[in-house]
Structures are given as structure tokens and as C-alpha cells.
Amino acid sequence: MLLIACPWCGPREETEFSCGGEAHIARPADPDALSDEQWGYYLFIRKNPRGAHLEQWCHAHGCRRWFNVRRDTVTYAITHVYKVGEAPPKDSA
Amino acid sequence: MSRYSLASLVRNAFSYHENWQAAWRNPEPKQEYDVIIIGGGGHGLATAYYLAKEHGITNVAVLEKGWIGGGNTGRNTTIVRSNYLWDESTHLYEKSMKLWEGLSQDLNYNVMFSQRGVLNLGHSLQDMRDIARRVNANRLNGVDGEMLDAAQVKAMVPILNTSPNARYPILGASLQRRGGVARHDAVAWGYARGADARGVDILQKCEVTGIRRESGQVVGVDTSRGFIKAKKIGVVAAGHSSVLASMVNLRLPIESHPLQALVSEPIKPVLHTVVMSGAVHGYISQSDKGDLVIGAGIDHYTGYGQRGSFSVIESTLAAIVELFPIFSRVRMNRQWGGIVDVCPDACPIIGTTPLKGLYFNCGWGTGGFKATPGSGWVFAHTIAQDRPHELNAAFSIDRFFTGRLIDEHGAAAVAH
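Residues numbered from 1 in each chain as written. Chains lettered and ligands numbered in written order. Predicted model: local features only at pLDDT ≥ 70, side-chain atom pairs only at ≥ 80, totals over all residues. Heavy atoms only, no water.

## Quick look at the overall build of chain A
Here's step 1: Within chain A one finds one helix and six strands.
Here's step 2: Helices and strands in chain A line up, N terminus first, as β-β-β-α-β-β-β.
Here's step 3: Here the C-alpha coordinates of chain A stretch approximately 45 × 30 × 25 Å along the principal axes.
Here's step 4: Burial statistics for chain A: of 93 residues in total, 37% are counted as buried.
Here's step 5: The contacts of chain A with a sequence gap of at least 6 include a subset with a gap of at least 24, amounting to 46%.
Here's step 6: When the accessible surface of chain A is totalled, it reaches about 5300 Å², and 50% of it is carbon and sulfur.
Here's step 7: With 11 positive and 12 negative side-chain charges, chain A shows a separation of 6 Å between the mean positions of the two kinds. (Helix = DSSP H or I, 4+ residues; strand = E, 2+ residues; numbered from the N terminus. Buried < 20%, exposed > 50% of the residue type's maximum accessible area, 1.4 Å probe, protein only. Contact = heavy atoms within 4.5 Å. Areas by Shrake-Rupley, 256 points an atom, 1.4 Å probe, with all protein chains shown as cover. Lys, Arg positive; Asp, Glu negative; His and termini not counted. Charge placed at Lys NZ, Arg CZ, Asp CG, Glu CD.)

Right, dumping it as C-alpha cells:
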């Protein structure tokens, strides 16, 4: 079970949150200009790293706000929590 | 390889069963193979077996970073069925089912395939409509399927709570009688023994650390046991597919998630079939030694840690106790996790890659065990012929760019 420190509410247990997957995937500004392959990359292709992973979580049963987390996908340890719009930690993959 | 038979059993009894030949050799890696398979799980071993048996390619190595059957092959809940919705997946899983039906004889190894039937429960009118649609689709594709109402379900599995006052009342079910379970370890061991007997080298504790290529063609792999040359490489690495793909800058539409399962203490025979429910989300069968084998959904975060969160186990068991109040005081013996490679459309990717000589078989997600024979069979064909078999042509990675997905997530309406 993960203990996740919501930037607004403090540490709460995982069952209060929903995981939104990989962070920092920006929707293309002009989808019509994209090739099918570029669109497929945006929709489906994911980094899925073994190690440091930047991902988005939502405090669904709390303040209902989204934020970003850096979590290790092997140890599951959460090393950074930062708000949407803030820069990710520098040493991240 | 000495064949297993009644005669060999009697012969070995005279030496107190101490002189049985090892099921497979433990060879040193050769400098070069015609084909290297990365991943010594069921799918990889089956691929090597069918490469040798169907295509006469015997200079093959299976590279396994751990030991045979130590990954998802030995961690699943062993359910076998072929009642998928869409034509493409039904044909693929039905090919697998047909191979299952003759597998023990083919391998000369008892994989304990038991066609005890698989029930998929429906708890709402929409569930029942989906079940009717899927059963009809199955029958049009020549796959057996029946619809049961609540009374028929009760007659078949009396310990199910079919009270109309249940929180999620059971309205009926689909039944595939040819579905069932198999002994997962035996599947890996049987394929390993069969492949080894045909000349395949099974290299355990041999982790791939890099894939070498020259001018758009693979030339071999760096491993923890040195460099090994090969012009054809098949990757069947399940949860680690993305890690291997990143070695050649290939990116996949896959995310690796923990999937947990657990078994109870052994109890007397009480459940003679497989019961699955997508709505309350749990599935259960009873193994031959008496323990209840229980599984459910993935953890929602990605992970390579072969363990998940306790809350997932808790909701799984809540679902099982909802269905079977009689199990509320059964104690659980062991729990574990495997890493499953989940595709956006819950269907596998089996095919060639932009790199010549490199083939991928991945994305089986939570339901790969049932496909083991068929997956190996089509992947062996894909590698040997350098093009997909018609059974796996639709499962190329291109579908994520053309939009021709095979959406089994909702369609099969069940947990795998």
C-alpha cells in the first residue's frame, strides 16, 4: 500500500487516490496536422520505464485535485510530489 | 530423451526412482544460433518447441534471466478458455484451445489440462445482454458456448449465492464447457523438455543486457553469459517487453502493471468448475490439491516489483465472499504478484518490427496463460517465415496507428 503525500491534504493512503498514468503528455495543439503515426504515439505509446517514473495522481476521495509524482516502479518509493505546472525533478528520466 | 510411459515408470521403480533422466540439459551457450528467443516462460518455450517441431529450426536458444517457469507462467491462475468476442481473438484463442486438447499427448508430458468448464457470471440486464452477444458470436465462430439462467447456475454450483436479495444478484452466466484449467508449471516444463529433446538449448540465468544491430539488422545479444550471435531474435518478455524494446529504441503501447493472485489452505473438493465475474471482479477455481486459486484485476499504477497493494487483495476477496459466503472463513495461504504487459486494447502484439530479424510477442496482459500453445505456434511461424500467420496478422503493432484496434477490454466482459 502506498502512502501518498497530496500537496494540499498531506499524506493519505493510496485508496483515496486514482492513478492517471504517465505525466507530461501534452495534447497536440493541432491534431489535424499530425500523421496517423504521430497521433498513435500521442494516444498509445508510453515510456513504461523500469525505475523512475513521472506520473499523475488525483486525490479522488479528498480534495479531488490532480498533481504529479515521481515514483520508482521497482521499489514503488515515492521520491517527489509536485503540483501541475511545476517543473519535474531534474534527475528524472 | 526417454519417453515417459508405464514401462518407464515400472523400470524406474526398480531403482527407487533415483535414476530418472533430467527433463532438459543445462548446456553452455554456443557462439551462434539461428534463432534466439528472449524469455523462458511458457510462450517463449512454446515458440522454441514449435520452431523445432513445425519448421525444422532446431539451432535455437531460449534465454531466461531467472529460471524456467519462475515468471508469469508460474504466477497465473491457470484458467483456459477461448470465448472471446471479436473474430480475430476468438480464432487465435481457439487455435490455442485446440492445441491444449492434444497437448499432453503431443509433449508426452502431463500438463493436467482439465476441461471442467468456465462460468462467466452476469449480475445485471446489461451483463446478460453482453453475455448473449458473446455466446452467439462464439457459436458463429464454431466455439462452444451456452447461456445459463440463475437456476441452472445454482444447479451446477450450489455453493454460489444466487439469492435475488444479494447486493449483486446472479442473473445467469455463460458457460464454455471446453474451458478449464491446466497445471501451469507443467506447461513450462513440458515445453522445455520437448524443445530440449529437439535440440533447443535452454539457457537459464542468462539475462539479456543489450541487442546488437548492424545496418538495420539484428546480429546478436549481449548477455550475462557473454555475446551470442543470431540473425533472428524473438522477444517474449511479458512485463519486461518495454525494457527490451528500449534497447533498440523501439517504443511500445504497453504499460507493465502488478497483477496479484492468492491461494487458500487446501480444503476438500467443493468447487468443480471455474467461476469468473467481471462485475464484482474476481475469479476462482479449486486446484487438484484442494486450494482455492483466486485472482482479480491489476493494480492501477505501473510497476515492475512483482507485488501490489493490499487494497486490491481486499476487494478481490470481498468479491469472492459476495459470490461464495461459504468461503468467508477459509484462510489464505500465499499471495504473490506478477508483472503483466497491458495493451490499450487488451490484445497482444505479435509480429515483425522495423528492425530486420527482430520479432516481438507481447502485450498479453492479464490473460496470456490460456494462449500459451497458440501464441508459441503463431510466433514460431512468424519467425520462421519472416511474416505473420493469418491468425496473428491482425495483431501487428500497426493497429495503434491505423486505428484498427481489437477491443477486448469491454468486449470479453470478464476479468482474464
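## Details of the sheet that holds strand E3 (residues 18–22) of chain A
Residue and element names in this part refer to chain A.
Here's step 1: The sheet built from four strands is open, its strands ordered E3-E4-E5-E6 with antiparallel pairing. Edge strands, defined here as strands with exactly one partner in the open sheet, are E3 and strand E6 (78–83). Strand-to-strand twist across the sheet, computed as the mean angle between neighbouring axes with direction ignored, equals 30°.
Here's step 2: Relative to E6, strand E5 (residues 66–72) runs antiparallel, the two being bridged by five bridges. Counterpart to Phe67 in the pairing with E6 is Lys83. (Pairing = 2+ DSSP bridges. Axes fitted to C-alpha atoms, helices over the stretch in contact; angles between N-to-C directions.)

## Regarding the interface of chain B and chain A
Here's step 1: Counting residues at the interface gives 25 residues for chain B, matched by 25 residues for chain A.
Here's step 2: Between chain B and chain A, a total of about 2100 Å² is buried, with carbon and sulfur atoms accounting for 56% of that surface.
Here's step 3: When the buried surface of chain B facing chain A is broken down by residue, Arg251(B), Tyr301(B) and Phe401(B) rank first, second and third, together holding 33% of it.
Here's step 4: Taken together, the links from chain B to chain A amount to zero salt bridges.
Here's step 5: Taken together, the connections running from chain B to chain A amount to 14 residue pairs in polar contact (both at pLDDT 80 or more).
Here's step 6: When contributions to the side of chain B that touches chain A are tallied by element, the ones reaching two or more residues are helix H8 (241–246), strand E12 (255–266), helix H9 (310–323) and helix H11 (399–402) of chain B. (Buried area = accessible area lost by both parts, 1.4 Å probe. Salt bridge = Lys/Arg side-chain N within 4 Å of Asp/Glu carboxyl O. Polar contact = N/O pair within 3.5 Å; in protein donor to acceptor, adjacent residues only side chain to side chain.)

## Quick look at the pattern of salt bridges
Residues and elements named next belong to chain B.
Here's step 1: The full count for this structure, using the stated rule, is 18 salt bridges over all chains.
Here's step 2: Salt-bridge contacts for Lys53 lead to Glu54; the nearest nitrogen and oxygen are separated by 3.8 Å.
Here's step 3: With relative accessibility at 40%, the residue Glu54 sits in the partly exposed group.
Here's step 4: Across the pair Lys53 and Asp106 runs a salt bridge, and its minimum N-O distance is 3.0 Å. Of the two residues, Lys53 is situated in helix H2 (residues 42–55) and Asp106 in helix H4 (residues 103–107); the sequence distance between them amounts to 53 residues.
Here's step 5: For Lys53, a relative accessible area of 34% gives the class partly exposed.

## Overview of the packing of aromatic side chains
Here's step 1: The tally for this structure, following the rule as stated, stands at 17 aromatic pairs over all chains.
Here's step 2: Relative to Trp57(A), the ring of Phe17(A) lies with its centre 6.5 Å away and its plane at 85°, an arrangement referred to as edge-to-face. Taken together, the residues Phe17(A) in the loop between strand E2 (10–13) and E3 and Trp57(A) in strand E4 (residues 52–58) connect sequence positions 40 residues apart.
Here's step 3: Given the relative accessible area of 2%, Trp57(A) is considered buried.
Here's step 4: When the ring centre of Tyr4(B) is taken as reference, the NZ or CZ atom of Arg193(B) above it lies at 3.6 Å.
Here's step 5: One Lys or Arg, Arg212(B), reaches over the ring of Phe227(B) and ends 3.8 Å from the middle of that ring. (Phe/Tyr/Trp six-rings, centres within 6.5 Å; stacked < 30°, edge-to-face > 60°. Lys NZ or Arg CZ within 6 Å of the ring centre and 35° of its normal.)

## Focus: the pairing of strand E2 (residues 60–63) of chain B
All names here are of chain B.
Here's step 1: Side chains of E2 alternate between two faces, with Val60 and Val62 and Ala61 and Leu63 buried alike.
Here's step 2: Pairing between strand E1 (residues 32–38) and E2: four bridges, direction parallel. What sits directly across from Val35, in E2, is Val60.
Here's step 3: For the handedness criterion, the β-α-β arrangement of E1, H2 and E2 is classed as right-handed.
Here's step 4: Alignment of E2 against strand E8 (residues 201–203), held across three bridges, turns out to be parallel. Opposite Val62, over in E8, you have Ile202 as the bridge partner. (Right-handed = clockwise from strand over helix to strand, strands pointing away.)

## Topic: a nonpolar patch on the surface
Here's step 1: Nonpolar side chains collect at one region of the surface, where Leu6(B), Leu9(B), Val10(B), Phe14(B) and Trp20(B) lie side by side and expose about 550 Å² of accessible area between them.
Here's step 2: Tracing the sequence through the fold places Val10(B) in helix H1 (residues 6–13). (Patch = residues over 30% accessible without salt bridge, like charges linked within 9 Å, V, L, I, M, F, W, Y side chains within 5 Å.)

## Focus on the sheet that holds strand E4 (residues 118–122) of chain B
All names here are of chain B.
Here's step 1: Sheet architecture is open: eight strands sit in the order E5-E6-E4-E13-E14-E15-E12-E16, paired in mixed fashion. Since the sheet does not close on itself, it has two edges, and those belong to strand E5 (146–149) and strand E16 (332–342), each with one partner. Across the sheet, the mean angle from the axis of one strand to that of its neighbour is 20°, orientation sign disregarded.
Here's step 2: With three bridges joining them, strand E13 (residues 274–277) and strand E14 (residues 282–286) adopt antiparallel strand pairing. Counterpart to Val275 in the pairing with E14 is Ile284.

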